[in-house]
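# Descriptive structure summary
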Amino acid sequence: MESLPIVVPLRLGYKVALVDADIGLRNLDLLLGLENRVLYTAIDILDGECRLDQALIRDKRWKNLSLLSISRNRQRYNITRKHMEQLVESIQSLGYQFVLIDCPAGIDVGFINAISPAKEALIVTTPEITSIRDADRVAGLLEANNIYNTKLLVNRVRPDMIQKNDMMSVRDVQEMLGIPLLGAIPEDQQVIISTNRGEPLVLQKKLSLSGIAFENAARRLIGKQDYFIDLNTPYKGVFQKLGEMFTSS
(Lines give C-alpha, C1' and ligand atoms only; values in the text may rest on other atoms or scores of the structure.)
Protein backbone atom coordinates (compact mmCIF):
# COMPACT_ATOMS: atom_id res chain seq x y z
CA MET A 1 0.00 0.00 0.00
CA GLU A 2 3.04 2.25 -0.04
CA SER A 3 2.00 3.45 -3.50
CA LEU A 4 -0.97 5.40 -2.16
CA PRO A 5 0.94 7.95 -0.05
CA ILE A 6 3.47 8.39 -2.87
CA VAL A 7 0.84 9.31 -5.43
CA VAL A 8 -0.39 12.21 -3.28
CA PRO A 9 2.88 14.19 -3.25
CA LEU A 10 4.23 12.95 -6.58
CA ARG A 11 1.23 13.52 -8.84
CA LEU A 12 -0.93 15.89 -6.83
CA GLY A 13 1.62 18.23 -5.23
CA TYR A 14 0.85 17.89 -1.52
CA LYS A 15 3.44 17.65 1.25
CA VAL A 16 3.05 14.24 2.91
CA ALA A 17 4.63 12.59 5.96
CA LEU A 18 4.39 8.83 6.29
CA VAL A 19 4.65 7.45 9.85
CA ASP A 20 5.57 3.79 10.30
CA ALA A 21 3.92 3.07 13.66
CA ASP A 22 4.77 -0.63 13.77
CA ILE A 23 7.07 -0.71 16.80
CA GLY A 24 9.89 -3.23 16.36
CA LEU A 25 8.61 -4.49 13.00
CA ARG A 26 8.96 -1.54 10.66
CA ASN A 27 9.11 -2.21 6.91
CA LEU A 28 8.04 0.96 5.07
CA ASP A 29 11.69 1.99 4.78
CA LEU A 30 12.31 -1.23 2.83
CA LEU A 31 9.30 -0.75 0.59
CA LEU A 32 10.44 2.79 -0.23
CA GLY A 33 14.12 1.89 -0.62
CA LEU A 34 15.11 4.05 2.37
CA GLU A 35 16.40 1.36 4.74
CA ASN A 36 19.99 2.68 4.70
CA ARG A 37 18.94 6.21 5.66
CA VAL A 38 17.14 5.52 8.95
CA LEU A 39 19.51 7.04 11.52
CA TYR A 40 16.97 8.34 14.03
CA THR A 41 13.44 7.32 15.01
CA ALA A 42 10.55 8.85 16.92
CA ILE A 43 11.84 7.15 20.04
CA ASP A 44 15.12 9.05 19.66
CA ILE A 45 13.09 12.27 19.44
CA LEU A 46 11.21 11.43 22.65
CA ASP A 47 14.51 10.57 24.37
CA GLY A 48 15.92 13.96 23.36
CA GLU A 49 18.65 12.48 21.17
CA CYS A 50 17.61 14.26 17.97
CA ARG A 51 15.21 16.79 16.49
CA LEU A 52 12.11 15.93 14.50
CA ASP A 53 13.60 17.25 11.27
CA GLN A 54 16.58 14.91 11.75
CA ALA A 55 14.37 11.84 12.14
CA LEU A 56 12.12 12.72 9.19
CA ILE A 57 13.71 11.15 6.11
CA ARG A 58 13.02 13.20 3.02
CA ASP A 59 12.93 11.05 -0.07
CA LYS A 60 15.44 12.26 -2.67
CA ARG A 61 13.14 11.23 -5.52
CA TRP A 62 10.06 13.06 -4.20
CA LYS A 63 10.85 16.19 -2.19
CA ASN A 64 7.31 16.40 -0.80
CA LEU A 65 7.43 12.93 0.79
CA SER A 66 9.05 12.16 4.16
CA LEU A 67 9.17 9.05 6.33
CA LEU A 68 9.28 8.81 10.13
CA SER A 69 9.87 5.42 11.73
CA ILE A 70 8.61 5.06 15.28
CA SER A 71 11.40 2.65 16.24
CA ARG A 72 14.24 0.51 14.96
CA ASN A 73 13.63 -3.22 14.71
CA ARG A 74 15.46 -3.99 17.95
CA GLN A 75 14.37 -0.84 19.73
CA ARG A 76 11.62 -1.19 22.32
CA TYR A 77 9.59 1.61 23.83
CA ASN A 78 6.15 2.23 25.22
CA ILE A 79 4.71 4.80 22.83
CA THR A 80 1.64 6.34 24.44
CA ARG A 81 -1.34 8.05 22.88
CA LYS A 82 -0.02 11.39 24.05
CA HIS A 83 3.33 10.70 22.35
CA MET A 84 1.60 9.95 19.04
CA GLU A 85 -0.55 13.05 19.25
CA GLN A 86 2.48 15.24 20.00
CA LEU A 87 4.44 13.74 17.11
CA VAL A 88 1.66 14.33 14.60
CA GLU A 89 1.10 17.89 15.82
CA SER A 90 4.82 18.60 15.47
CA ILE A 91 4.88 17.15 11.94
CA GLN A 92 1.92 19.29 10.93
CA SER A 93 3.66 22.37 12.30
CA LEU A 94 6.41 21.78 9.71
CA GLY A 95 3.89 22.35 6.93
CA TYR A 96 2.89 18.79 6.06
CA GLN A 97 -0.62 18.72 4.63
CA PHE A 98 -1.14 14.98 5.06
CA VAL A 99 0.22 12.74 7.83
CA LEU A 100 -0.45 9.09 7.00
CA ILE A 101 0.02 6.58 9.83
CA ASP A 102 0.73 2.96 8.92
CA CYS A 103 -0.75 1.13 11.92
CA PRO A 104 0.67 -2.09 13.36
CA ALA A 105 -1.10 -5.38 12.78
CA GLY A 106 -3.56 -6.53 15.40
CA ILE A 107 -5.95 -4.59 17.60
CA ASP A 108 -3.97 -4.35 20.82
CA VAL A 109 -2.70 -1.26 22.64
CA GLY A 110 -0.18 -0.51 19.88
CA PHE A 111 -2.99 -0.08 17.38
CA ILE A 112 -5.08 2.03 19.76
CA ASN A 113 -2.15 4.34 20.45
CA ALA A 114 -1.31 4.65 16.75
CA ILE A 115 -4.82 5.80 15.76
CA SER A 116 -5.16 8.35 18.57
CA PRO A 117 -4.17 11.39 16.43
CA ALA A 118 -6.24 10.28 13.43
CA LYS A 119 -9.13 12.31 12.03
CA GLU A 120 -10.05 9.75 9.37
CA ALA A 121 -9.03 6.19 8.51
CA LEU A 122 -8.46 3.99 5.49
CA ILE A 123 -9.22 0.31 6.01
CA VAL A 124 -7.44 -2.07 3.63
CA THR A 125 -8.87 -5.54 3.18
CA THR A 126 -8.99 -8.39 0.66
CA PRO A 127 -12.06 -10.24 -0.66
CA GLU A 128 -11.57 -13.09 1.84
CA ILE A 129 -13.92 -13.81 4.70
CA THR A 130 -11.17 -13.80 7.35
CA SER A 131 -9.83 -10.46 6.16
CA ILE A 132 -13.33 -8.99 6.05
CA ARG A 133 -13.99 -10.11 9.63
CA ASP A 134 -10.76 -8.40 10.73
CA ALA A 135 -11.72 -5.24 8.84
CA ASP A 136 -15.10 -5.21 10.57
CA ARG A 137 -13.45 -5.42 14.00
CA VAL A 138 -11.06 -2.61 13.08
CA ALA A 139 -13.98 -0.46 11.90
CA GLY A 140 -15.68 -1.02 15.26
CA LEU A 141 -12.55 0.01 17.16
CA LEU A 142 -12.16 3.13 15.06
CA GLU A 143 -15.74 4.14 15.80
CA ALA A 144 -15.24 3.41 19.50
CA ASN A 145 -12.33 5.85 19.39
CA ASN A 146 -14.44 8.57 17.73
CA ILE A 147 -13.02 8.07 14.23
CA TYR A 148 -16.12 8.02 12.06
CA ASN A 149 -14.72 9.17 8.71
CA THR A 150 -13.52 5.83 7.33
CA LYS A 151 -13.03 4.60 3.77
CA LEU A 152 -12.46 1.15 2.31
CA LEU A 153 -9.73 -0.03 -0.06
CA VAL A 154 -10.17 -3.58 -1.39
CA ASN A 155 -6.83 -5.10 -2.35
CA ARG A 156 -5.80 -8.11 -4.50
CA VAL A 157 -9.01 -8.31 -6.48
CA ARG A 158 -9.23 -11.06 -9.12
CA PRO A 159 -11.93 -10.25 -11.71
CA ASP A 160 -11.58 -13.70 -13.30
CA MET A 161 -12.35 -15.41 -9.99
CA ILE A 162 -15.25 -13.06 -9.32
CA GLN A 163 -16.80 -13.97 -12.67
CA LYS A 164 -16.56 -17.66 -11.72
CA ASN A 165 -18.10 -16.94 -8.30
CA ASP A 166 -14.87 -18.09 -6.64
CA MET A 167 -14.27 -14.69 -5.02
CA MET A 168 -16.53 -12.08 -3.48
CA SER A 169 -17.01 -8.99 -5.59
CA VAL A 170 -15.90 -5.54 -4.47
CA ARG A 171 -19.55 -4.60 -4.05
CA ASP A 172 -20.15 -7.65 -1.83
CA VAL A 173 -17.24 -6.65 0.41
CA GLN A 174 -18.38 -3.04 0.60
CA GLU A 175 -21.96 -4.01 1.44
CA MET A 176 -20.82 -6.46 4.14
CA LEU A 177 -18.73 -3.80 5.87
CA GLY A 178 -20.97 -0.81 5.19
CA ILE A 179 -17.96 1.47 4.63
CA PRO A 180 -17.70 3.96 1.74
CA LEU A 181 -15.50 2.55 -1.02
CA LEU A 182 -12.32 4.44 -1.90
CA GLY A 183 -11.09 2.00 -4.51
CA ALA A 184 -10.21 -1.54 -5.57
CA ILE A 185 -6.71 -2.74 -6.45
CA PRO A 186 -6.38 -5.75 -8.78
CA GLU A 187 -3.95 -8.60 -8.13
CA ASP A 188 -0.71 -7.80 -9.94
CA GLN A 189 2.65 -9.57 -9.96
CA GLN A 190 4.30 -6.21 -10.60
CA VAL A 191 3.46 -5.29 -7.00
CA ILE A 192 5.72 -8.09 -5.76
CA ILE A 193 8.51 -7.09 -8.15
CA SER A 194 8.37 -3.41 -7.24
CA THR A 195 8.23 -4.20 -3.51
CA ASN A 196 11.36 -6.37 -3.67
CA ARG A 197 13.18 -3.63 -5.56
CA GLY A 198 12.10 -0.86 -3.21
CA GLU A 199 10.59 0.96 -6.18
CA PRO A 200 6.88 1.74 -5.68
CA LEU A 201 4.55 0.61 -8.42
CA VAL A 202 3.32 4.08 -9.33
CA LEU A 203 6.79 5.13 -10.48
CA GLN A 204 6.88 2.77 -13.42
CA LYS A 205 6.98 4.51 -16.80
CA LYS A 206 4.16 2.31 -18.07
CA LEU A 207 1.57 1.98 -15.33
CA SER A 208 -0.13 -1.36 -14.87
CA LEU A 209 -3.83 -1.56 -14.09
CA SER A 210 -3.07 -1.73 -10.37
CA GLY A 211 -0.86 1.36 -10.68
CA ILE A 212 -3.72 3.25 -12.29
CA ALA A 213 -6.07 2.02 -9.56
CA PHE A 214 -3.70 3.39 -6.89
CA GLU A 215 -3.58 6.80 -8.59
CA ASN A 216 -7.33 6.76 -8.90
CA ALA A 217 -7.80 5.98 -5.19
CA ALA A 218 -5.34 8.73 -4.20
CA ARG A 219 -7.28 11.31 -6.18
CA ARG A 220 -10.53 10.29 -4.49
CA LEU A 221 -8.79 10.38 -1.11
CA ILE A 222 -8.23 14.12 -1.47
CA GLY A 223 -11.60 14.70 -3.13
CA LYS A 224 -10.34 15.23 -6.68
CA GLN A 225 -12.80 12.96 -8.47
CA ASP A 226 -15.22 10.07 -7.99
CA TYR A 227 -14.30 7.97 -11.02
CA PHE A 228 -13.89 4.22 -10.40
CA ILE A 229 -11.65 2.04 -12.57
CA ASP A 230 -13.45 -0.85 -14.23
CA LEU A 231 -11.11 -3.77 -13.60
CA ASN A 232 -12.56 -5.62 -16.58
CA THR A 233 -11.86 -2.78 -19.05
CA PRO A 234 -9.15 -3.47 -21.65
CA TYR A 235 -5.91 -1.54 -21.03
CA LYS A 236 -6.42 0.71 -24.05
CA GLY A 237 -9.75 1.89 -22.72
CA VAL A 238 -8.33 2.39 -19.23
CA PHE A 239 -5.47 4.59 -20.38
CA GLN A 240 -7.82 6.58 -22.60
CA LYS A 241 -10.14 7.24 -19.64
CA LEU A 242 -7.17 8.10 -17.43
CA GLY A 243 -6.00 10.68 -19.95
CA GLU A 244 -9.46 12.20 -20.11
CA MET A 245 -9.56 12.28 -16.31
CA PHE A 246 -6.31 14.26 -15.99
CA THR A 247 -7.26 16.56 -18.85
CA SER A 248 -10.61 17.44 -17.33
CA SER A 249 -9.25 18.08 -13.80
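Residues numbered from 1 in each chain as written. Predicted model: local features only at pLDDT ≥ 70, side-chain atom pairs only at ≥ 80, totals over all residues. Heavy atoms only, no water.

## Some thoughts on unusual backbone geometry
Excluding glycine, a negative phi dihedral is what most residues carry, and trans is how most peptide bonds are arranged. Of note, N146 is a non-glycine position whose phi angle comes to about 65°, a positive value. For N146, the location among the structural elements is in the loop between α7 (129–144) and β6 (149–157). A residue is classified by how much of its surface remains accessible, and N146, at 58% relative accessible area, is exposed. Residue N165 is not a glycine yet carries a positive backbone phi of 60°. Along the chain, N165 turns up in the loop between α8 (159–163) and α9 (170–177). Exposure remark for N165: the relative accessible area of 71% places this residue in the exposed category. (Helix = DSSP H or I, 4+ residues; strand = E, 2+ residues; numbered from the N terminus. Buried < 20%, exposed > 50% of the residue type's maximum accessible area, 1.4 Å probe, protein only.)

## As for the environment of L100
Topologically, L100 is positioned in strand β4 (residues 98–102). Overall, the relative accessible area of 23% leaves L100 in the partly exposed class.

## Some words on the packing of α7 against α9
Closest axis-to-axis distance for the α7/α9 pair is 10 Å, and the angle between their directions is 35°. For the crossing formed where α7 meets α9, the hand is right-handed. Note on element contacts: α9 touches α7 through V173, M176 and L177, opposite I129, I132, A135 and D136. Classifying every residue of the contact of α7 with α9 gives six nonpolar, no polar and one charged. (Axes fitted to C-alpha atoms, helices over the stretch in contact; angles between N-to-C directions. Left-handed = near helix turned anticlockwise from the far one by under 90°. Contact = heavy atoms within 4.5 Å. Nonpolar A, V, L, I, M, F, W, Y, C, P; charged D, E, K, R; others polar.)

## Looking at the sheet that holds strand β7 (residues 181–186)
With respect to topology, three strands assemble into an open sheet ordered β5-β6-β7, the strand pairing being parallel. Each of the sheet's edge strands pairs with one partner strand only, and the pair in question is β5 (120–125) and β7. Between one strand axis and the next, the sheet turns through 15° on average, direction left out of account. Looking at chain direction, β5 and β6 are connected through six bridges and run parallel. (Pairing = 2+ DSSP bridges.)

## Structural notes on the pattern of salt bridges
Between side chains of opposite charge, pairing is possible as soon as their charged atoms come close. Applying the stated criterion across every chain yields a total of five salt bridges. One salt bridge in this structure joins D59 and R61, with 3.1 Å as the shortest N-O distance. Judged by relative accessible area, R61 falls into the partly exposed class, the value being 40%. Close ionic contact of E120 with K151 constitutes a salt bridge, the shortest N to O distance being 3.6 Å. You can see E120 sitting in strand β5 and its partner K151 sitting in strand β6, a full 31 residues away along the chain. For E120, a relative accessible area of 41% gives the class partly exposed. (Salt bridge = Lys/Arg side-chain N within 4 Å of Asp/Glu carboxyl O.)

The values reported here are purely geometric and, on their own, carry no functional implication.
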